[in-house]
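Each chain is listed here by its residues.
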Amino acid sequence: MTNKYLHIVFRDEENLFEGIDLLRANDFSIVDVMTPFPVHGLDHKIGLKPSLIPTVGFICGAIGALTGFFFQSWVFTSSWPMNFGGKPFFAFPSFIPVIFEMTVLFSALGMVLAFLYRSKLYPHKECSTEKVPITTDDQFVIKLMKPEGEKLTLLQKLVNELKVKLDNPEIAISEKLTFFNNKIVALVPLAFILCFSSCKNNKEQPGYEYMPDMVYSRSFEYYSANPLDKSKSMAKVPPVGSIPRSFTPYPYPNTKDGYEQAGKEWINPLSSNDIYIDEGKKLFELYCVYCHGQKGEANGILVEKQKFPPPPSFSSDILKELPAGKIFHSITYGKNLMGPHASMLSYQERCKVVLFVQSLQKKL
Ligand code: HEC
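Summary of the structure given here.

Calculation rules
- Residues numbered from 1 in each chain as written.
- Predicted model: local features only at pLDDT ≥ 70, side-chain atom pairs only at ≥ 80, totals over all residues.
- Helix = DSSP H or I, 4+ residues; strand = E, 2+ residues; numbered from the N terminus.
- Rg over C-alpha atoms; globule rule 2.2 N^0.38 Å.
- Buried ≥ 20, exposed ≤ 12 C-beta atoms within 10 Å, placed from the backbone.
- Contact = placed C-beta atoms within 7 Å.
- Pairing = 2+ DSSP bridges.
- Axes fitted to C-alpha atoms, helices over the stretch in contact; angles between N-to-C directions.
- Near = placed C-beta within 6 Å.
- Nonpolar A, V, L, I, M, F, W, Y, C, P; charged D, E, K, R; others polar.
- Expected span 1.5 Å × (residues − 1).
- Arc of directions from axis to C-beta.
- Core = buried A, V, L, I, M, F, W, Y, C linked by C-beta atoms within 7 Å.
- Left-handed = near helix turned anticlockwise from the far one by under 90°.

Attention now goes to the overall build of the protein. Counting secondary structure elements, the protein contains 14 helices and four strands. Here the C-alpha atoms of the protein give a radius of gyration of 38 Å, more than 25% beyond the 21 Å that 2.2 N^0.38 yields for 364 residues. With the C-alpha coordinates aligned to their principal axes, the bounding extent of the protein is approximately 110 × 60 × 35 Å. Evaluated residue by residue, the protein yields a buried proportion of 14% over its 364 residues. Long-range contacts, defined here as pairs at least 24 residues apart, represent 68% of the contacts in the protein between residues at least 6 apart.

Okay, structure coming up:
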């Protein structure tokens, strides 16, 4: 069987470039050039058009960014508005990480799919091009249509001239390339043995650990034994009765009795005035309006969108007479469906919110 193609084998890429120039100048038709690594400028040399992959990447990335932006805007303002520590629903800065991830994801997937589509690749496809293992090792091969008659003689002459010119006797013309490099094949089982030798059957043992210092912290545990004085621990236990700075103790526990007791005994340390009520109003608008509504009439956005059952209105008979202590207690610990707000509002802030809630009770 006669072969349709011829191969010219080179040892390094500079000689390869000279060879390509020579062949193109003499009108030989180059089918493909196979190299062990991407060679800069090769596509240009053999006259390929620039790839469209970067454009596809940009378009898909832009689609990803827009999808991320519009999806989050829709979810957080319309489909499922959620109150994160009083932030506005349309909080653009917090959308950015997801937009970024979506951009990268869409662009990467888009480019891979475009590449597979353009190269007509799919799982289990038979390889239609010739396999030339030496080009995955250390040699460069130009594949060209086998010329006939005079042109073949010309090719042989040109290659011989090239050998002399580049002083490189290794350049060769070959019909079929079947070399295989056994050195590489021998390395494969060796790599497997190395990988598996680090595994152990015993699950308690981590096997071979690479850089254990990076995995296990060398710091002391808070209350571990003190190496300087074995009878003491690293951190000192604070004296009985110590409280953190700027922390105001609240003696009523999160129980029914605590709630009742707070209602009877708790006195707001802040006296009611317009400034405090105004500050309380601002905090109420950040943390409470979503459920309770601007005026405490149980018509917040979450209730209107039916994402949350309506709380009692501040004008209802039960809440109208609710004492300050119970209001404070419920804000601190939460009540049934209403969550605790102690971690979001300081003691002082809760006092101000109580003043504002009471001003609503009076107005209604
Ligand atoms: C997630 C929705 C939601 C948010 C946010 C919310 N509440 Fe409530 N609130 C409720 C619900 C529901 C109830 C009714 C609880 C019950 O009695 O079962 C309630 C009850 C109350 C009561 C009556 C408590 C009692 O002891 O009967 C007060 C006062 C109150 N909320 C104030 C506030 C204040 C002030 C804020 C903001 C710091 C706030 N709520 C934030 C849903 C909410």
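We now examine the sheet that holds strand β4 (residues 172–174). Pairing within the open sheet is antiparallel, and its four strands lie in the order β2-β3-β1-β4. What marks the edges here is a single partner per strand, and that holds for β2 (30–34) and β4. This sheet shows a mean twist of 20° between the axes of neighbouring strands, independent of strand direction. Inspection of the sheet shows β2 paired to strand β3 (residues 140–145) by four bridges, in the antiparallel sense. Its bridge partner lying in β3, Ile30 is registered against Leu144. Contacts from helix α1 (residues 13–25) reach β1 (5–10), β2 and β3 within the one sheet, and its direction differs from that of β3 by about 15°.

Attention now moves to unusual backbone geometry. The backbone of Lys120 sits at a positive phi, close to 50°, despite the residue not being glycine. Summarising the element assignment, Lys120 is placed in the loop between α4 (92–118) and β3. The exposed category is assigned to Lys120, around which 8 C-beta atoms lie within 10 Å. Unlike most non-glycine residues, Gln306 shows phi in positive territory, near 60°. Counting through the fold element by element, Gln306 comes out in the loop between α11 (301–304) and α12 (317–320). Taking the C-beta count within 10 Å as the criterion, Gln306 has 8 such neighbours and is therefore assigned exposed.

So, about the site of the ligand. With respect to spatial proximity, 22 residues lie near the ligand, and among them Cys288, Cys291, Pro311, Asn336 and Met338 are the closest. Elements supplying a minimum of two residues to the shell around the ligand: α9 (274–287), α10 (289–292), α13 (324–333) and α14 (347–363). Per element, the largest residue contribution to the shell around the ligand is four residues, and it comes from α13. Residue composition of the shell around the ligand, by class: 16 nonpolar, four polar and two charged.

If you check α1, its first and last C-alpha atoms are 18 Å apart, about what 13 residues at 1.5 Å a residue would give, namely 18 Å. All of the buried residues in α1 are Leu16, Gly19, Ile20 and Leu23. Relative to the axis of α1, the buried residues are bounded by an arc of 100° and lie together on one face. Turned more than 90 degrees from where α1 packs its buried face, Glu14, Asp21 and Ala25 sit exposed. On its buried face, α1 is in contact with β1, β2, α2 (42–45), β3 and α5 (149–166). Once α1 ends, the next one or two residues include Asp27, with phi positive near 70°.

Attention now goes to the nonpolar core. Of all hydrophobic cores here, the largest spans 13 residues; its most connected members are Ile327, Phe328, Val353, Val354, Phe356 and Val357. Looking at this core, the elements with two or more residues in it are α13 and α14. Ranked by residues supplied to this core, first place goes to α14 with six residues. Leave out the neighbours within four places in its chain, and Phe328 touches Ala262, Trp266, Arg350 and Val354. Ranked by size, the runner-up nonpolar core spans 10 residues in total, among them Phe10, Ile20, Val141 and Ile142.

With that settled, consider the pairing of β1. By the criterion of burial, β1 is predominantly enclosed, with five of the six residues buried. Two strands pair when backbone bridges link them, and β1 and β3 are joined in this way by six bridges, in the antiparallel orientation. By the bridge assignment for β3, Leu6 is matched with Leu144. Bridge analysis of β1 against β4 gives three bridges, and the strand direction is antiparallel. Directly across from Val9, in β4, lies its bridge partner Ala172.

Let's shift gears to α5. Here α5 contains 18 residues, and its C-alpha end-to-end distance of 26 Å stays within 8% of the 26 Å for a straight helix at 1.5 Å per residue. Burial runs low along α5: only one of the 18 residues are buried. Among the residues trailing α5, Asp167 stands out with phi positive, at a value near 55°.

Relative orientation of the contacting elements helix α3 (residues 53–79) and α4 amounts to 145°, with a least axis distance of 7 Å. In terms of crossing hand, the pair formed by α3 and α4 is right-handed. Taking contact as the criterion, the partners of Ile53, Val56, Gly57, Cys60, Gly61, Ile63, Gly64, Ala65, Thr67, Gly68, Phe69 and Gln72 in α3 are, on α4, Phe95, Val98, Ile99, Met102, Thr103, Leu105, Phe106, Ser107, Gly110, Met111, Ala114 and Phe115. A class-by-class count of the residues in the contact of α3 with α4 yields 15 nonpolar, nine polar and no charged.

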